[in-house]
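Coordinate inspection notes
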Amino acid sequence: MSTPFMFEKPVGMRDTLPSFYQTKNTVKQTMEKVIESWGYLPIQTPALEYYDTVGMASAILDRQLFKLLDQNGNTLVLRPDMTAPIARVAASSLKDQMFPLRLSYHSSLFRAQQREGGRPAEFEQVGVELVGDGTSSADGEVIALMVETLKESGLDDFQIAIGHIGYVNALLLDVVGSEERANVLRRYLYEKNYVGFKQHVKSLPLSSIDEKRLMDLLSLRGGREKLEDAKTLVSNGEASKALEDLEQLWEVLDGYGVSHHIKLDLNLVMHMSYYTGVVFEGYGSRLGVPLSSGGRYDELLQRFNRPAQATGFGIRLDLLVEALGQTEALPEQTCILFSKERRLEAIEKARQLRKEGKRVVLQDLQGVDNIDELSKAFADVQYYIGNKQGGKIDE
Ligand SMILES: N[C@@H](Cc1c[nH]c[nH+]1)C(=O)O
């Protein structure tokens, strides 16, 4: 029976077909190898978490959460990110393990989308969390690892924009005076709506100097020298600490030899509100949206009663494959076509070829409508048909 929804999927849900799957898998394996070689241990957590704990800790917009009820009436969420679940694990099952903890993951995440044809609502992320280390070396390590992971995956044309949420907060609060007003401005920055930001700034009752300070924030994007310009806009303790963090980070990244991929972006405001320090986004040249992001979240672990400083990143697998711009050809396969009298021989042959590492389809002739069409799909076809002994027959 056909229904109007027979071929439809819920908003934002996508199928992954063999050729995209193949490419994604190769890329994923390459990334996992790099991450493991830096000493990060992979973990898995459930797709469903409690709304009140991990759901809230993920600190994403509420309307982006998929919510459902369990049998006892508790509200559950499909995890929108892996940072909060890992914080939960670090503070519970791994609470006796010493810090720093280096954990990695490859997981599907879920973020509800409002519109058809928009972004996917389920996607995979490969990422790491470095928990219990508040140094600039830790910030630098995860950024350098992200750079190496992207590079090894085959991406060579990419840039990492680095900012500091402490700096943005300090400047906004210093100028507009209240969290509420700062929030409105942060929202424009988060949406990268700079025109909206400027218009809003003009509508505020600010002195011309303060108005200029906010406008100048938008130009704090570029090389290391922007740190000097940043100092002139706000010089309170929080801002100075943020700029110091960035100076030190830059040095670490120089040490790793990756600073040519880096640019400063002091307008950066992220989609997750748990960030407290250095934040960053990775851009491939073909994409308008960031394919990776991360940062420091020093207050998230205390929500789970094990206070710790931490940092990490996540790379979107679907966007990375898109940025690479090529899908891999499907692997070559051999087909063994048999008739039932020679089934045993065919099974034996298939077993032998598979042992040699070949991919072998074993197909009963009676199950095929069009042998010519079928043959075209294979690199090699071997026939075990009729009473004849041996492998191939001449056509
Ligand atoms: N969980 C973040 C990425 C991240 C990992 N660690 C820190 N940040 C995200 O999904 O965007």
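Residues numbered from 1 in each chain as written. Predicted model: local features only at pLDDT ≥ 70, side-chain atom pairs only at ≥ 80, totals over all residues. Heavy atoms only, no water.

Regarding the overall build of the chain
- A tally of helices and strands in the chain yields 13 helices and 15 strands.
- For the C-alpha atoms alone, the extent of the chain along its principal axes is close to 95 × 50 × 45 Å.
- The long-range fraction of contacts in the chain, counting pairs at least 24 apart against all pairs at least 6 apart in sequence, stands at 70%.
- Split by element, the accessible area of the chain, about 20,400 Å² in all, is 48% carbon and sulfur.
- Within the chain, one finds 46 positive and 56 negative side-chain charges whose respective centroids are separated by 3 Å. (Helix = DSSP H or I, 4+ residues; strand = E, 2+ residues; numbered from the N terminus. Contact = heavy atoms within 4.5 Å. Areas by Shrake-Rupley, 256 points an atom, 1.4 Å probe, with all protein chains shown as cover. Lys, Arg positive; Asp, Glu negative; His and termini not counted. Charge placed at Lys NZ, Arg CZ, Asp CG, Glu CD.)

Side note on the pairing of strand β13 (residues 334-338)
- Among the 5 residues of β13, 5 are classified as buried, and the element is accordingly described as predominantly covered.
- Across the two faces of β13 the burial is the same, with T334, I336 and F338 and C335 and L337 all buried.
- In this region the chain leaves β13, passes through helix α12 (residues 343-355) and returns to the parallel neighbour strand β14 (residues 360-364); the handedness of that crossover is right-handed.
- In this structure, β13 lies alongside strand β15 (residues 380-384), joined through 5 bridges in parallel fashion. If you follow L337 over to β15, its bridge partner there is Y383. (Buried < 20%, exposed > 50% of the residue type's maximum accessible area, 1.4 Å probe, protein only. Right-handed = clockwise from strand over helix to strand, strands pointing away. Pairing = 2+ DSSP bridges.)

What to know about the packing of aromatic side chains
- Summed over all chains, the structure comprises 3 aromatic pairs.
- Ring geometry for Y274 against Y275: centres 4.9 Å apart, planes inclined by 65 degrees, an arrangement best described as edge-to-face. This pair shows no difference in class: Y274 is buried, exactly as Y275 is.
- Every member of this aromatic cluster is reached through a ring pair, and the members are Y274, Y275 and Y297.
- When the ring centre of F99 is taken as origin, the NZ or CZ atom of R306, which lies over that ring, is 3.7 Å away. (Phe/Tyr/Trp six-rings, centres within 6.5 Å; stacked < 30°, edge-to-face > 60°. Lys NZ or Arg CZ within 6 Å of the ring centre and 35° of its normal.)

Some details on the pairing of strand β12 (residues 310-316)
- Of all 7 residues in β12, 7 are buried; the element is thus mostly enclosed.
- Going residue by residue along β12, you find A310, G312, G314 and R316 tucked away on one face and T311, F313 and I315 tucked away on the opposite face as well.
- With 7 bridges connecting them, strand β6 (residues 122-131) and β12 associate as antiparallel partners. Across the sheet, L130 pairs through a bridge with T311, a residue of β12.
- The pairing of strand β11 (residues 292-296) with β12 spans 5 bridges and is antiparallel. Bridging across to β12, S292 finds its partner in I315.

So, the site of the ligand
- Not every one of the 17 residues close to the ligand is listed here, only the nearest: D81, T83, E129, H271 and Y275.
- Between the ligand and Q125, the relevant distance is 3.0 Å, taken from an oxygen atom to a side-chain nitrogen or oxygen of the residue.
- Only β6, β11 and β12 provide two or more residues apiece to the shell around the ligand.
- Of the residues belonging to the shell around the ligand, the class tally is 6 nonpolar, 8 polar and 3 charged. (Near = heavy atom within 4 Å. Polar contact = N/O pair within 3.5 Å; in protein donor to acceptor, adjacent residues only side chain to side chain. Nonpolar A, V, L, I, M, F, W, Y, C, P; charged D, E, K, R; others polar.)

Some thoughts on the nonpolar core
- I160, I162 and Y167 are the most contacted members of the largest nonpolar core, which has 101 residues in total.
- The residues contacting I160, other than those within four sequence positions of it, are I143, M146, V147, L150, H261, I262, K263, F280, E281 and G282.
- Of all hydrophobic cores here, the second largest spans 7 residues; its members include F338, A346, V360 and Y384. (Core = buried A, V, L, I, M, F, W, Y, C linked by side-chain atoms within 4.5 Å.)

So, helix α6 (residues 179-190)
- Taking 1.5 Å per residue, 12 residues should reach 16 Å; α6 reaches 15 Å between its end C-alpha atoms and fits that length.
- Every buried residue belonging to α6 is among A182, L185, R186 and L189, and all of these are buried. Projected down its long axis, α6 carries its buried residues within an arc of 105 degrees, all on one side.
- Residue K192 follows α6 closely and has a positive phi angle near 55 degrees. (Expected span 1.5 Å × (residues − 1). Arc of directions from axis to C-beta.)

Regarding the sheet that holds strand β9 (residues 262-265)
- An order of β1-β5-β6-β12-β11-β10-β7-β9-β8 is seen for the 9 strands of this open sheet, with the pairing classed as mixed. Only two strands of the sheet have a single partner each, and these edge strands are β1 (41-42) and β8 (221-222).
- Along the sheet, helix α11 (residues 317-324) makes contact with β5 (101-110), β6 and β12, crossing β12 at roughly 55 degrees. (Axes fitted to C-alpha atoms, helices over the stretch in contact; angles between N-to-C directions.)

Re the pattern of salt bridges
- Evaluated as defined, the whole model comprises 26 salt bridges.
- K9 is the salt-bridge partner of D15, the closest N and O atoms lying 3.2 Å from each other.
- Judged by its relative accessible area of 37%, K9 is partly exposed.
- Several salt bridges converge on common partners, so that one network encompasses R224, E247, E251 and D254. (Salt bridge = Lys/Arg side-chain N within 4 Å of Asp/Glu carboxyl O.)

Some details on the side chain of T83
- Structurally, T83 can be placed in helix α3 (residues 83-91).
- Taking the relative accessible area as the measure of exposure, T83 reaches 7% and is therefore buried.
- A polar side-chain atom of T83 sits 2.9 Å from a polar atom in the side chain of E129.
- If sequence neighbours within four positions are ignored, T83 has contacts with E129, Y274, Y297 and L300.

Details of the UniProt feature "binding site: L-histidine" (unreviewed entry) in the chain
- Look at the UniProt record and you will see "binding site: L-histidine" (unreviewed entry) annotated at D81, M82, T83, R111, Q125, E129, Y274 and Y275.
- Within the secondary structure layout, Q125 lies in strand β6.
- The exposure class assigned to Q125 is buried, which follows from its relative accessible area of 9%.
- Setting aside residues no more than four positions away along its own chain, Q125 makes contact with Y105, H106, S107, L109, R111, G314, I315 and R316.
- In this structure the side chain of Q125 is engaged in a polar contact, spanning 3.4 Å, whose partner is the side chain of Y105.
- The topology assignment puts E129 in strand β6.
- Residues in contact with E129, not counting those within four places in the same chain, are Y40, M82, T83, I86, L101, R102, L103, Y105, Y297, T311 and G312. (UniProt positions renumbered as here; feature names shortened; annotations may be inferred.)

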